[in-house]
Amino acid sequence: MSLTKATYSMISGAPLNIKDFGAVGDGVTDDTAAITAALQNNNEIYIPPGTYKITSSIKLNDKTGLQIVGAGYASQFLYAVSAGADMFLVDAGHPVKHTSFENLCFLHTDTATGAPALTVYACEDFTVKGCTFERGQCKVVGGQTVLITENIVTDWNYDRSGVVVQGTDVIVSNNTIRITEDMDSDDALVVSAPSEKI
């Protein structure tokens, strides 16, 4: 008797796998719809190694308990749009709560200008940990209890700072922020908060 693996998430209670929603991760196939479908779940979503192409902004408004976890640099979101549009976006007035991005890589195909990789305008208990941002900005404003730690941010541009954090109870620690190309950009790190720890 042969067995067929129906999904990548075989164990009850295990994280959902992005490939269960049709993501391919070959860097060519447009995985935007599959990623969007997976993120409709307020759950832990595992991003296995691969290059997942995104061709339009993905909104995470009003999510609670969403954890997006990868396997490190090999778990890549590739943003294939013109400069200026956000890869992942949370609009003001639609906060995400108890949400995290961990061990992921955010890439942009436009080597000249880049674009915002992660822009959050409202959040509570929000973490970005162990991620790599190449030619993409990490911006979290209007936040409460924000942790930005152990990330690598390189070669941001588009007249932006590499990391921008604004809110209350903000911790920014152990990040590596560097420029390896000749780029016209603003400050590497901007932190603004009534109560902050750096």
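Parameters at a glance
- Residues numbered from 1 in each chain as written.
- Predicted model: local features only at pLDDT ≥ 70, side-chain atom pairs only at ≥ 80, totals over all residues.
- Heavy atoms only, no water.
- Helix = DSSP H or I, 4+ residues; strand = E, 2+ residues; numbered from the N terminus.
- Buried < 20%, exposed > 50% of the residue type's maximum accessible area, 1.4 Å probe, protein only.
- Pairing = 2+ DSSP bridges.
- Axes fitted to C-alpha atoms, helices over the stretch in contact; angles between N-to-C directions.
- Phe/Tyr/Trp six-rings, centres within 6.5 Å; stacked < 30°, edge-to-face > 60°.
- Salt bridge = Lys/Arg side-chain N within 4 Å of Asp/Glu carboxyl O.
- pLDDT = per-residue confidence, 0-100.
- Contact = heavy atoms within 4.5 Å.
- Disulfide = S-S within 2.5 Å.

**Q** Would you mind showing me how to read unusual backbone geometry here?
**A** Excluding glycine, most residues fall at negative phi; most peptide bonds, likewise, are trans. Even without a glycine there, the phi angle at Thr145 is positive, about 65 degrees. Mapping Thr145 onto the fold places it in strand β14 (residues 136-149). Residue Thr145 is classed as partly exposed on the basis of its relative accessible area, which comes to 32%. At Asp169, a position not held by glycine, the phi torsion is positive, near 55 degrees. On the secondary structure map, Asp169 appears in strand β16 (residues 163-173).

**Q** Mind showing me how you'd approach the sheet that holds strand β4 (residues 50-54) here?
**A** Sheet strands pair via backbone hydrogen bonds, and the direction of the pair is either parallel or antiparallel. The parallel open sheet is built from seven strands, whose spatial order is β2-β4-β7-β10-β13-β15-β17. With one partner strand each, in any of the chains shown, β2 (26-30) and β17 (176-178) form the two edges of the open sheet. Geometrically, the sheet is characterised by an average inter-axis angle of 15 degrees between neighbouring strands, direction not taken into account.

**Q** I tried to follow the environment of Gly136 on my own but got confused; where do I start?
**A** When you line up the elements, Gly136 lands in strand β14. In the structure, Gly136 is positioned 30 residues away from Phe106 in sequence and 7.0 Å away in space, judged by C-alpha atoms.

**Q** Where do I start with the packing of aromatic side chains in this structure?
**A** Within a pair of aromatic rings, the relevant descriptors are the distance that separates the centres and the angle that separates the planes. Applying the stated criterion across every chain yields a total of seven aromatic pairs. Seen from their ring centres, Phe101 and Phe106 are 6.2 Å apart, and the 50 degrees between their planes marks the pair as tilted. Residue classification places Phe101 among the buried residues on the basis of a relative accessible area of 1%. Aromatic ring contacts, followed pair by pair, group Phe77, Phe88, Phe101, Phe106, Phe126 and Phe133 into a single cluster.

**Q** Quick question: what am I supposed to make of the pattern of salt bridges here?
**A** Counted under the stated rule, the structure contains one salt bridge. Ionic pairing is found between Asp91 and Lys59, a salt bridge with its closest N-O pair at 2.9 Å. Of this pair, Asp91 sits in the loop between β8 (88-90) and β9 (96-102) while Lys59 sits in strand β5 (residues 58-59), and the two are 32 residues apart along the sequence.

**Q** Any chance you could explain the confidence of the model for the chain here in plain terms?
**A** For residues with low pLDDT, the predicted coordinates do not support detailed interpretation. When pLDDT is averaged across the chain, the result is 82; 75% of the residues are at 70 or more. Throughout residues 1-6 the model reports pLDDT below 50, and contacts reaching past four residues in sequence, or to other chains, amount to one contact. Note that residues 194-198 has pLDDT below 50 and, in this model, 13 contacts with residues that lie over four places away or in other chains.

**Q** Can you walk me through the environment of Pro15 in this structure?
**A** Secondary-structure assignment places Pro15 in the segment before β1 (16-17). For Pro15, a relative accessible area of 31% corresponds to the partly exposed category. For the pair Pro15 and Asn43, spaced 28 residues apart in sequence, the C-alpha to C-alpha distance is 7.3 Å.

**Q** Even after reading the chapter, I still don't get the state of the cysteines, so can you show me in this structure?
**A** Covalently bonding the sulfur atom of one cysteine to the sulfur atom of another cysteine gives a disulfide. This model, assessed by the stated rule, comprises zero disulfides. Looking at Cys138, it has no disulfide partner, and the nearest cysteine sulfur is the one in Cys131, 8.0 Å off.

**Q** Before we go on, may I ask you to explain the pairing of β4 in this structure?
**A** Residues in a regular strand point their side chains to alternate faces of the sheet. Alternating residues of β4 divide into Gly50, Tyr52 and Ile54, all buried, and Thr51 and Lys53, none buried. The pairing of β2 with β4 spans two bridges and is parallel. Looking at β4, one finds that Asp26 is bridged to Thr51. With five bridges joining them, β4 and strand β7 (residues 75-79) adopt parallel strand pairing. Among the inter-strand pairings, Thr51 is bridged to a residue of β7, identified as Gln76.

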